[in-house]
Amino acid sequence: MQTDLFSTASNRLTIDLSALKDNWLRMRQLSGKARTSAVVKANAYGLGVEPVARALASAGARDFFVASMEEGIELRGILADVRIYILAGLWPGHEKAFQQHGLIPVINSVEQLEVVRQAGWLPYALHVDTGMNRLGLSLQEARQVAASDAPSPLVVMSHLACGDEPGHPLNASQLSRFRQAAALFPDAEASLANSAGVFQGDDFHFDLTRPGIAVYGGEAVNDAANPMKPVVKAEARIIQIRSALAGDTASYGASATLARDTRIATVTVGYADGYHRSVSGAGVTVRQAAPSGAFGFLHGTRVPHLGRVTMDLSLFDVSDLPETAVTAGDYIELFGNAIALDDVARAGGTIGYELLTSLGKRYVRHYIGG
Ligand SMILES: *Cc1c(COP(=O)(O)O)cnc(C)c1O
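Residues numbered from 1 in each chain as written. Predicted model: local features only at pLDDT ≥ 70, side-chain atom pairs only at ≥ 80, totals over all residues. Heavy atoms only, no water.

Next up on the list: the site of the ligand. Surrounding the ligand, one finds 14 residues, the nearest of these being Lys41, Tyr45, Ser195, Ile213 and Tyr353. At a separation of 3.4 Å, a nitrogen atom of the ligand approaches a polar side-chain atom of His159. A distance of 2.6 Å separates an oxygen atom of the ligand from a polar atom in the side chain of Tyr353. Contact with the protein chains covers 93% of the free accessible surface of the ligand, which is 390 Å². Classifying every residue of the shell around the ligand gives seven nonpolar, four polar and three charged. (Near = heavy atom within 4 Å. Polar contact = N/O pair within 3.5 Å; in protein donor to acceptor, adjacent residues only side chain to side chain. Areas by Shrake-Rupley, 256 points an atom, 1.4 Å probe, with all protein chains shown as cover. Nonpolar A, V, L, I, M, F, W, Y, C, P; charged D, E, K, R; others polar.)

Time to look at helix 7 (residues 110-118). Buried within helix 7 we find Gln112, Leu113, Val115 and Val116. The buried residues of helix 7 all sit within an arc of 150° when viewed along its axis, so they share a single face. Across from the buried face of helix 7, at angles greater than 90 degrees, the exposed residues are Glu111 and Gln118. Those residues of helix 7 that are buried are in contact with helix 6 (95-101), strand 6 (103-107) and helix 8 (139-147). Of the residues flanking the end of helix 7, it is Gly120, one or two places downstream, whose phi is positive at about 80°. (Buried < 20%, exposed > 50% of the residue type's maximum accessible area, 1.4 Å probe, protein only. Helix = DSSP H or I, 4+ residues; strand = E, 2+ residues; numbered from the N terminus. Arc of directions from axis to C-beta. Contact = heavy atoms within 4.5 Å.)

A separate point is the environment of Tyr45. Along the polypeptide, Tyr45 turns up in helix 3 (residues 41-45). Each C-alpha atom, one on Tyr45 and one on Ile213, is 7.7 Å from the other, the two residues being 168 residues apart in sequence. Setting aside anything within four residues of it in sequence, one finds Tyr45 in contact with Val39, Gly212, Ile213, Tyr216, Tyr353, Leu356 and Thr357.

Moving on: the nonpolar core. Ranked by size, the top nonpolar core spans 107 residues in total, and within it Val40, Leu56, Phe64, Phe335 and Leu356 carry the most contacts. Lining this core are residues from two domains, each supplying at least three of them: domain 1 (32-210) and domain 2 (232-368). With residues near it in sequence (within four places) discarded, Phe64 still touches Ala38, Val40, Ala53, Leu56, Ala57, Leu75, Leu79, Val82, Arg83, Ile84 and Tyr85. One finds Ala244, Leu258, Leu306 and Leu315 within the second-largest nonpolar core, a separate group that totals seven residues. (Core = buried A, V, L, I, M, F, W, Y, C linked by side-chain atoms within 4.5 Å. Domains from an automatic or database assignment.)

What follows deals with the domain arrangement of the protein chain. According to the domain assignment, the protein chain contains domain 1 (32-210) and domain 2 (232-368). Here domain 1 and domain 2 have C-alpha centroids that lie 38 Å from each other. Domain 1 puts six residues into the contact, and the matching count from domain 2 is seven residues. The junction of domain 1 with domain 2 conceals about 590 Å² of combined surface from both sides, 67% of it contributed by carbon and sulfur atoms. At the junction of domain 1 and domain 2, the tally comes to zero salt bridges. Along the contact surface separating domain 1 from domain 2 lie two residue pairs in polar contact (both at pLDDT 80 or more). A class-by-class count of the residues in the side of domain 1 that touches domain 2 yields four nonpolar, two polar and no charged. (Buried area = accessible area lost by both parts, 1.4 Å probe. Salt bridge = Lys/Arg side-chain N within 4 Å of Asp/Glu carboxyl O.)

A few words now on the pairing of strand 17 (residues 314-317). Alternating positions in strand 17 separate into two faces, Ser314 and Phe316 on one and Leu315 and Asp317 on the other, with burial throughout. Across four bridges, the pairing between strand 14 (residues 262-267) and strand 17 is antiparallel. Following the sheet pairing, Thr266 is matched in strand 17 by Leu315. Examined bridge by bridge, strand 16 (residues 301-306) and strand 17 share two bridges and lie antiparallel to one another. By the bridge assignment for strand 17, His305 is matched with Phe316. (Pairing = 2+ DSSP bridges.)

With that settled, consider the packing of helix 8 against helix 9 (residues 169-184). Closest axis-to-axis distance for the helix 8/helix 9 pair is 9 Å, and the angle between their directions is 15°. On the basis of their axis angle, the class for helix 8 and helix 9 is roughly parallel. Helix-helix and strand crossings are classified by hand; for helix 8 and helix 9 the assignment is left-handed. For the pair helix 8 and helix 9, the contacting residues are Leu139, Ala142, Arg143 and Ala146 in the first and Arg177, Gln180, Ala181 and Leu184 in the second. Across the contact of helix 8 with helix 9, the residue classes tally to five nonpolar, one polar and two charged. (Axes fitted to C-alpha atoms, helices over the stretch in contact; angles between N-to-C directions. Parallel < 35°, antiparallel > 145°, perpendicular 65-115°, else oblique. Left-handed = near helix turned anticlockwise from the far one by under 90°.)

Our next topic: unusual backbone geometry. Trans peptide bonds make up most of the peptide bonds, and negative phi angles are found at most residues other than glycine. Here the phi dihedral of Asn43 falls at roughly 55°; this positive angle occurs in a residue that is not glycine. Note that Asn43 resides in helix 3. The phi dihedral of Asn133 falls on the positive side, at around 55°, and the residue is not glycine. Position of Asn133 relative to the elements: it lies in the loop between strand 7 (125-127) and helix 8.

Let's shift gears to the sheet that holds strand 7. Reading across from one edge, 3-4-5-6-7-8-9 is the order of the seven strands in this open sheet, with parallel pairing throughout. With partners counted over all chains shown, the strands left at the sheet margins are strand 3 (38-39) and strand 9 (189-191), one partner each. The pairing of strand 8 (residues 155-157) with strand 9 spans three bridges and is classified as parallel. What sits directly across from Val155, in strand 9, is Glu189.

What follows is the structure, given as structure tokens:
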């Protein structure tokens, strides 16, 4: 039934679970001697936590990270016998749920550690902030924990602020501070690397790596070729094709002025689908920073987005295709194999992570390669 709906849907996503597994295995290989976990927070970066988590477990993942307890409980219903770490840690009153569902809080502060102590020491991971100033105990606080009667954490971890910029000096300084943090807890597994950190080489791998975006096919490192396989293809349908004359304007705010006689395809995707307004066509003032807007792809040709993205609809200039080649009902690829996810993100002044996690509810999702 899903396939029938899929073949006529206005908005559809094809999610390739075999590419996903290949990407995770690639991360595992690059992680060398370290074990490799899987980060499946935010509904597996928008791709659907149930099929994604099952696929990654079948590829060999045994450790999973999610953001919140609620995500952890959902994941526990999907995978009974994996370790599930909760990046937000826990709130007072959550102890029983953590125990009941076998969730491991990542302790980010002295206050959170106190909750774990009061609960008679639940198994926990300890996050030490090494320079991002977002979450985690300071090194000084970590030293006090190490000197106390607290049982060892299962994992001692930190997070890179500039992993996507391999030459950034903060990487070396976080690495050196993390070595000190890890040395305080010799019985814990040490974990520093997200996807970008995995690409940074052995020094960053320690005992457990935590890739997310690379597994989903996104770019982890700036200004480098992306070696990962695309996992998700997003498509929308052309409702109508219209002809407009040079000098006419199109979309809200008369935001595009046509330089030539133009055939415009009106397509069923808008900002309500996570196709952000900031990817609007070249020259549109909602997006000051990026030089050109997004492109779509159909019948072997890249076609530029025209004018402002609206809630449900986008316009593409299909004049470069033969008139007979394009018809109402055709699907246009928004990103996937021909248009890189991260190219659309760049057009909108954002990152692939944000495009994936804002994919709207209107997409019919179809999983292949499972
Ligand atoms: C989201 C997250 C990751 C995964 O990061 P990617 O850049 O997607 O690989 C790893 N560790 C922590 C603490 C995170 O919050």
